[in-house]
Amino acid sequence: MRLAHFLLVMFISLVPGSAWASDNNRAPEQRSANDLRPAQEIVVVGERLRGMTTGDVSPLVEIGEREIEAYAADSISDLLAALAPRTRGAEANGPIILVNGKRIANLAQVGDLPPEALLRVEILPEEASLLYGAGTDQRVVNLILRKNFRAVTTIGAAQRATSGGTGGIGGEFGVARIAGEGRWNAKAKYFRSDSLFEADRTVVNGEGTARTLLPGNEKFDLGGSWSGKMLKGVSFDLSAMVGSTSSQGRIGPSLTPSETGGRNFLANRRTGRTAGLSAGANGAIGAWSWFASATFDRAVEQTRIERKNSNAGVRWDQSRNRTTLLLGTAQFNGPLVAIPAGTIRANVELEGGRYILRSESMLGLAADTVRLSRSRAEGSASLSIPLTGARVLPSMGRLTAEIEGNIETLDDLPTIGGYGAGLRWSPIPGIRIGSFWSRKDGAPDITALGGSRVITPEVRIFDFLRGETVVAERLDGGNPSLSVERTKSMRFSLSIMPDALPDLLFNASYVRRRIDGLVLPLPAVSQELATAFPERFIRDGSGRLVRFDARPVNFDQSNLDRLNWTLTWSKQLAAQLREAGDLRAEIEDKIGAGPRAGTLLFTLDHRILLRNRLTPFANGPTIDFLKGAGGGAARHSVEFSARLLNNGLGANLDINWTSGYRATSSFGELRYRDLARFNLNLFANVGEVIAKGDRSHWSQRMRIAVEVDNLFNSRQRVVDQAGVTPVAFQHAYQDPVGRSIKLSIRKLF
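None of the values given here were measured: they were computed from a predicted structure. (Residues numbered from 1 in each chain as written. Predicted model: local features only at pLDDT ≥ 70, side-chain atom pairs only at ≥ 80, totals over all residues. Heavy atoms only, no water.)

Let's shift gears to the overall build of the protein. Scanning the protein for helices and strands turns up 10 helices and 37 strands. Split into buried and exposed, the 749 residues of the protein put 46% on the buried side. Taking as baseline every contact in the protein between residues at least 6 positions apart, the subset at least 24 positions apart corresponds to 68%. (Helix = DSSP H or I, 4+ residues; strand = E, 2+ residues; numbered from the N terminus. Buried < 20%, exposed > 50% of the residue type's maximum accessible area, 1.4 Å probe, protein only. Contact = heavy atoms within 4.5 Å.)

Throughout the structure, instances matching the rule amount to 12 aromatic pairs. Centre to centre, the rings of Tyr419 and Trp437 are 5.9 Å apart; their planes meet at 40 degrees, and the pair counts as tilted. One end of the pair, Tyr419, is in strand 19 (residues 416–426); the other, Trp437, is in strand 20 (residues 431–442), with 18 residues separating them in the sequence. The ring of Trp316 has Arg304 sitting right over it, with the charged end atom 4.3 Å from the ring centre. Here the guanidinium or amino end of Lys747 rests over the ring plane of Phe749, the centre of that ring lying 5.3 Å away. (Phe/Tyr/Trp six-rings, centres within 6.5 Å; stacked < 30°, edge-to-face > 60°. Lys NZ or Arg CZ within 6 Å of the ring centre and 35° of its normal.)

This paragraph deals with the nonpolar core. Ranked by internal contacts, the top residues of the largest apolar core, which has 29 residues, are Ile76, Leu79, Leu118, Val121 and Leu143. Every element with two or more residues in this core is listed here: strand 1 (61–63), helix 4 (76–82), strand 2 (96–99), strand 4 (118–124), strand 5 (140–145), strand 6 (148–161) and strand 7 (167–179). Core analysis: the second largest hydrophobic core is formed by 23 residues, Ala532, Phe537, Leu614 and Ile623 among them. (Core = buried A, V, L, I, M, F, W, Y, C linked by side-chain atoms within 4.5 Å.)

The next thing to look at is the environment of Ala524. Looking at where Ala524 falls in the secondary structure, it is placed in the loop between strand 24 (504–520) and helix 7 (527–532). Leave out the neighbours within four places in its chain, and Ala524 touches Leu529, Phe537, Phe548 and Gly630.

Reading across the sheet, the four strands line up as 21-22-26-25 and stay open at both edges, with mixed pairing between neighbours. Single-partner strands in this sheet number two, and they are strand 21 (454–463) and strand 25 (537–539). Across the sheet, the axes of successive neighbouring strands diverge by a mean angle of 30 degrees, strand direction being ignored. In terms of strand pairing, strand 21 meets strand 22 (residues 468–476) through eight bridges, oriented antiparallel. Bridging from a neighbouring strand, Ile455 pairs with Leu475 of strand 22. (Pairing = 2+ DSSP bridges. Axes fitted to C-alpha atoms, helices over the stretch in contact; angles between N-to-C directions.)

At Leu393, a position not held by glycine, the phi torsion is positive, near 45 degrees. Considering the arrangement of structural elements, one finds Leu393 in the loop between strand 17 (366–386) and strand 18 (398–410). Of note in this structure, Asn713 is not a glycine but carries a positive phi near 55 degrees. Position of Asn713 relative to the elements: it lies in the loop between strand 35 (702–709) and strand 36 (718–719).

With that settled, consider the sheet that holds strand 36. Read from one edge to the other, the open sheet built from three strands follows the order 32-33-36, with strand pairing classed as antiparallel. Two strands in the sheet have a free side with no partner beyond their single neighbour: strand 32 (661–665) and strand 36. Both strand 32 and strand 33 (residues 668–672) contribute to a ladder of five bridges, which runs antiparallel. Among the inter-strand pairings, Tyr661 is bridged to a residue of strand 33, identified as Tyr672.

Here we come to a nonpolar patch on the surface. Taken together, Trp184, Trp226, Met230, Leu231, Leu238, Leu277, Phe296 and Leu326 make up a surface patch of nonpolar side chains, about 780 Å² in accessible area. Among the elements that take part in the nonpolar patch, strand 11 (residues 216–231) stands out by supplying three residues, more than any other. By the element assignment, Leu326 lies in strand 15 (residues 313–339). (Patch = residues over 30% accessible without salt bridge, like charges linked within 9 Å, V, L, I, M, F, W, Y side chains within 5 Å. Areas by Shrake-Rupley, 256 points an atom, 1.4 Å probe, with all protein chains shown as cover. Salt bridge = Lys/Arg side-chain N within 4 Å of Asp/Glu carboxyl O.)

This is the structure:
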């Protein structure tokens, strides 16, 4: 790979600049025999290409500027979300993010930058993750930024459901600057959406404007980041953010309007405030690179729910969670020792943190306050050991062994840890095969242990035990009795990029995972769970469900087998041909203002559940979701996307399909029909359409987009054995909004 980069640099340096600016249709210039004589001395000076990653792992795919444009993303965060099917690892985990080949403290460093700041995006396979302190099931995404970039970004958007009742407006304003190794950006975002009432949709046994299907929401975020060099060979980054959210909903009619200040409904109000600060640094010590980061996060969430009270009219139930996180990380990676097959590389990471939780709840006259804190320290190490190579069994290709281990100490739980080992094999260029086995312990989240209790009344719940829809209370919050869970997994992966079809990439993975002591909120009011946890289902004298306690519990064992394959194909479309001898066309081509090549991209991702079983307690019955127990689960899910950009006009089509399944119980069964959801985005890069080569035109770097979410207004249909849809599974409850249309205008100055 390094040799290829060296030859590329040498080739570019030897080719005259006019050759790159020339029209594609022009014949190559003729050279005389004297021009072909070798010079007396040739000196070639090469340097590391901008943004190159550590080690010799080559990218699975490189995404260039035009393909990035085809995603029509407003920010780098949005682009990464759209790339998710291509960046997920075998365990469906998100990738580790690099910027110009270096780690960053968190995505906030570059997430708000416009995608136009990117030169290209590299997606590296899982074996590259060990070089950066990530898990062996994570891919690596390397974002290579432009060397110089500046922009002021403005976005305005409005959205409306085609069935009426709700809509929203939003806007963004950002400033970004990149100059060599330094950069900074700041961004403000605001979004507001209207409430959607049962009166706005067809709802059986509905409560009109006294009950919301969706609460009204308001969200504001402000953030900024800076990056640069303050010491020789050391780069620093710093980011900060604050945010606030609020929502107001209605949960049902009040007894009398006089009890609620003239209102005919009971209110449900939620607010949240967040603040974060992170810092990171990258450097090198000899052949080893290092990375250090520090993070501070603070969040406050509050819920106020108005409830009927037969003794005193109405009352407000209140709960509040305050969480604080302090985290520090230091990571080192580099060559350890040279062996005949190559170089053994090592990664060592140290991490320490402090978590603080204070939760308060006032439910009626019962007040409860929980204070929890956790200090943790973790050390992890991994080795990448080449077994074959150019000097050892070259006919076998490249075979590498990977070993990892970690240990974690907690002041509120026993010491935990994990270890794993695997092999990566590339028999020929373009084919990668991997296998990995691991065992790892995980501590329950501190919020899962001590989160404030919240009782939400008037919730529509389908009781699988009796086969009826009930209006009951739902209890959420923490469970202090949770214990450690242990995960054992076996993974196999395959990646193929045929030489004959360089635009095609095929990835497949198989995962077998077993979790002992799985921490999970109760997923559904099913017959099996009601039998296993009878104290979580409170019923009246007639057996009717009145309260569902959904707080998390430890399940004895979970077993999941999943197969996933992804196919990606991309193609560059030829730019519009120009007439030979057109002086203006030649000038536009030289300054980059002429017609630009288009791009076409298809991605198909298919996930298949082969096994999905849950055992609530030791020696107890097993819940097989794929056979309809426990509320059932879909076996197949497919994501398909098609993206086209040509001559400034683009279209993105996303299709998500989920197979049908059934849920069985003593009363009979429910049938969930398969569901296909289509989302369409049509957009125009206005300057490329109407301004052509005029770089000073007001329309340059302006995009207008029309997005249609749920194009065919599809909702999943659920019916019982008689073909009737239970009240809890009405379309209005499954997908209240349905089809919506969004218009956005984006302009970079």
